[in-house]
Amino acid sequence: MKPAIILIDPQLGENIGMVARAMWNCSLTDLRLVRPRDHWLNEHTLKAAAGASDRLNETKVFATTQEAIADLHWVFATTARPRCMEKIINTPKEAADYMVQNPTLKTGILFGRERSGLHNDDIAMANVVIEIPMNPDYSSLNLAQAALICAYEYHQAWLEDSQSLKERILKKDPALKENIILFFEHLERELDKTDFLLPLEKRAKMVRNLRNIFQHIPMSEQDVRTLRGIISALTFKPGSPYKGFDNKG
Ligand code: SAH
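1. Here we look at the overall build of the protein chain
For the protein chain, the helix and strand inventory stands at 9 helices and 7 strands. In summary, the protein chain has a C-alpha radius of gyration of 27 Å against a globular reference of 18 Å for 249 residues, an excess of more than 25%. Along the three orthogonal principal directions, the C-alpha set of the protein chain runs to about 80 × 40 × 35 Å. The buried share among the 249 residues of the protein chain stands at 39%. Summarising the internal contacts of the protein chain: among those between residues at least 6 apart in sequence, 79% fall at separations of at least 24. Carbon and sulfur atoms make up 56% of the accessible area of the protein chain, which totals about 15100 Å². Between the mean site of the 32 positive side-chain charges and the mean site of the 32 negative ones, the protein chain shows a separation of 6 Å.

Below, the structure is given as structure tokens:
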């Protein structure tokens, strides 16, 4: 599931607003705050959130980290500094891939306070640490920028996964060129009847363009059958028997 972004003791409204904006840029909506300052939802927060300011109304506020993560299965803690703790360390991409590959897990990412980062007790509640690899001499990012990098990686991993899902479905039923070409010929035959492919000297080029349009994305056999059914339906003349089409042409 898409991760919750959990800010522990955020001090500045600007940062909360920028995190909300970065999240919404990456299609994330579950923002949780632990012990934010009083009046955290102020004009600075709203201004920094820009087009995502409406989403701030859905932000949940908690008194402790335990309460903020109680409904989750798997939690990451982000830190710029290596801590003396026995923890697996992931890059944001590794963490994102893990979340996308385990879509039934409810997950969250903890971010620390602007000045001092996460306390070791917060990190100890997480399963894995995320360290964003930056300049070793100056690795501490602004809170909202760190959140953007993690949210961005999640969004990329999610996009890639939905793409491969499409490919997996298609692999079950990819169309044979033979049937795709029969569809092209069927379409071109009917277009010839309407004079769409005139003048004659341009016909070859128009046919090539049409064929290219239908091969930008892979087609399944079902796609080809649907397209041929559409041609048959559109060219059906009332009074003549509806023949549909067969694979001979
Ligand atoms: N001065 C603090 C850093 C605070 S930055 C310190 O030294 O720990 C605020 C938060 O942004 C951090 O708590 C962490 O959650 C996140 N962050 C900043 N830089 C990061 C990095 N390079 N890797 C992972 N998280 C980072």
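Let's pick the thread back up.
2. Section: the site of the ligand
Close to the ligand lie 21 residues, the nearest being Thr 78, Gly 112, Ile 132, Ser 139 and Leu 141. Between Thr 78 and the ligand, the recorded distance is 2.6 Å, taken from a side-chain N or O atom to an oxygen atom. Arg 115 is positioned such that a nitrogen or oxygen atom in its backbone is 3.1 Å from a nitrogen atom of the ligand. Grouping the amino acids of the shell around the ligand by side-chain chemistry returns 9 nonpolar, 7 polar and 5 charged.

3. Things to note about the domain arrangement of the protein chain
In terms of domains, the protein chain is made up of domain 1 (4-161) and domain 2 (177-235). When each unit is reduced to the centre of its C-alpha atoms, the spacing between domain 1 and domain 2 is 50 Å.

4. Examining the packing of helix α7 (residues 177-193) against helix α9 (residues 221-235)
α9 packs onto α7 with a crossing angle of 15° between their chain directions and a minimal axis gap of 10 Å. By the criterion of interaxial angle, the relationship of α7 to α9 is roughly parallel. At the point where α7 passes α9, the crossing takes the left-handed sense. Together, Asn 179, Ile 180, Leu 182, Phe 183, His 186, Leu 187 and Glu 190 of α7 and Glu 221, Val 224, Leu 227, Arg 228, Ile 231, Ser 232 and Thr 235 of α9 make up the contact between the two elements.

5. What about the nonpolar core?
Among the nonpolar cores identified, the biggest contains 31 residues, and Ile 5, Leu 7, Val 19, Leu 31, Ile 109 and Phe 111 are the most heavily contacted of them. Of all elements in the fold, only β1 (4-8), α1 (13-25), β2 (31-34), α4 (92-101), β6 (107-111), β7 (128-130) and α6 (143-171) reach the threshold of two or more residues within this core. If you tally residues by element for this core, the top one is α6, at 8 residues. Beyond its immediate sequence surroundings of up to four residues, Phe 111 is in contact with Ile 5, Ile 6, Leu 7, Ile 8, Thr 78, Leu 118, Leu 143, Ala 146, Ala 147 and Cys 150.

6. A look at the packing of aromatic side chains
The full count for this structure, using the stated rule, is 4 aromatic pairs. Ring pairing ties together the aromatic residues Trp 74, Phe 76 and Tyr 98, which thus form one cluster. For Arg 55, the ring lying beneath its charged end belongs to Trp 24, and the centroid distance is 3.9 Å.

7. Topic: the side chain of Arg 113
Tracing the sequence through the fold places Arg 113 in the loop between β6 and α5 (120-124). Of the polar contacts made by the side chain of Arg 113, one reaches the side chain of Asp 9; its length is 2.3 Å. From its side chain, Arg 113 meets the backbone oxygen of Gly 117 in a polar contact 2.8 Å long. Not counting the four nearest positions on each side in its chain, Arg 113 is found in contact with Ile 8, Asp 9, Arg 35, Leu 118, His 119 and Asp 122.

8. Quick notes on the sheet that holds β2
Where strands meet in a sheet, backbone hydrogen bonds hold them as pairs that are either parallel or antiparallel. One open sheet holds the 7 strands; their spatial order is β3-β2-β1-β6-β4-β7-β5, and the pairing between them is parallel. Two strands close off the open sheet at either side, each with one partner strand: β3 (60-62) and β5 (88-90). Here the strands of the sheet are splayed against their neighbours by 30° on average, with no regard to which way each runs. As judged from the 4 bridges shared by β1 and β2, these two strands associate in the parallel manner. Considered in β2, the bridge of Ile 6 is made with Arg 32.

9. Notes on α4
Quick reminder: α-helices carry 3.6 residues per turn. Residues three or four places apart thus point the same way. Of all the residues in α4, the buried ones are Pro 92, Ala 95, Ala 96, Met 99 and Val 100. For α4, the buried positions fall inside an angular range of 130° around the axis, keeping them on one side.

10. What to know about the state of the cysteines
Put plainly, a disulfide is one covalent bond tying together the sulfur atoms of two cysteines. Scanning all chains against the criterion turns up 0 disulfides. Looking at the unpaired Cys 26, the closest cysteine sulfur is the one in Cys 150, lying at 10 Å. Residue Cys 26 is classed as buried on the basis of its relative accessible area of 5%.

Analysis parameters
- Residues numbered from 1 in each chain as written.
- Predicted model: local features only at pLDDT ≥ 70, side-chain atom pairs only at ≥ 80, totals over all residues.
- Heavy atoms only, no water.
- Helix = DSSP H or I, 4+ residues; strand = E, 2+ residues; numbered from the N terminus.
- Rg over C-alpha atoms; globule rule 2.2 N^0.38 Å.
- Buried < 20%, exposed > 50% of the residue type's maximum accessible area, 1.4 Å probe, protein only.
- Contact = heavy atoms within 4.5 Å.
- Areas by Shrake-Rupley, 256 points an atom, 1.4 Å probe, with all protein chains shown as cover.
- Lys, Arg positive; Asp, Glu negative; His and termini not counted.
- Charge placed at Lys NZ, Arg CZ, Asp CG, Glu CD.
- Near = heavy atom within 4 Å.
- Polar contact = N/O pair within 3.5 Å; in protein donor to acceptor, adjacent residues only side chain to side chain.
- Nonpolar A, V, L, I, M, F, W, Y, C, P; charged D, E, K, R; others polar.
- Domains from an automatic or database assignment.
- Axes fitted to C-alpha atoms, helices over the stretch in contact; angles between N-to-C directions.
- Parallel < 35°, antiparallel > 145°, perpendicular 65-115°, else oblique.
- Left-handed = near helix turned anticlockwise from the far one by under 90°.
- Core = buried A, V, L, I, M, F, W, Y, C linked by side-chain atoms within 4.5 Å.
- Phe/Tyr/Trp six-rings, centres within 6.5 Å; stacked < 30°, edge-to-face > 60°.
- Lys NZ or Arg CZ within 6 Å of the ring centre and 35° of its normal.
- Pairing = 2+ DSSP bridges.
- Arc of directions from axis to C-beta.
- Disulfide = S-S within 2.5 Å.

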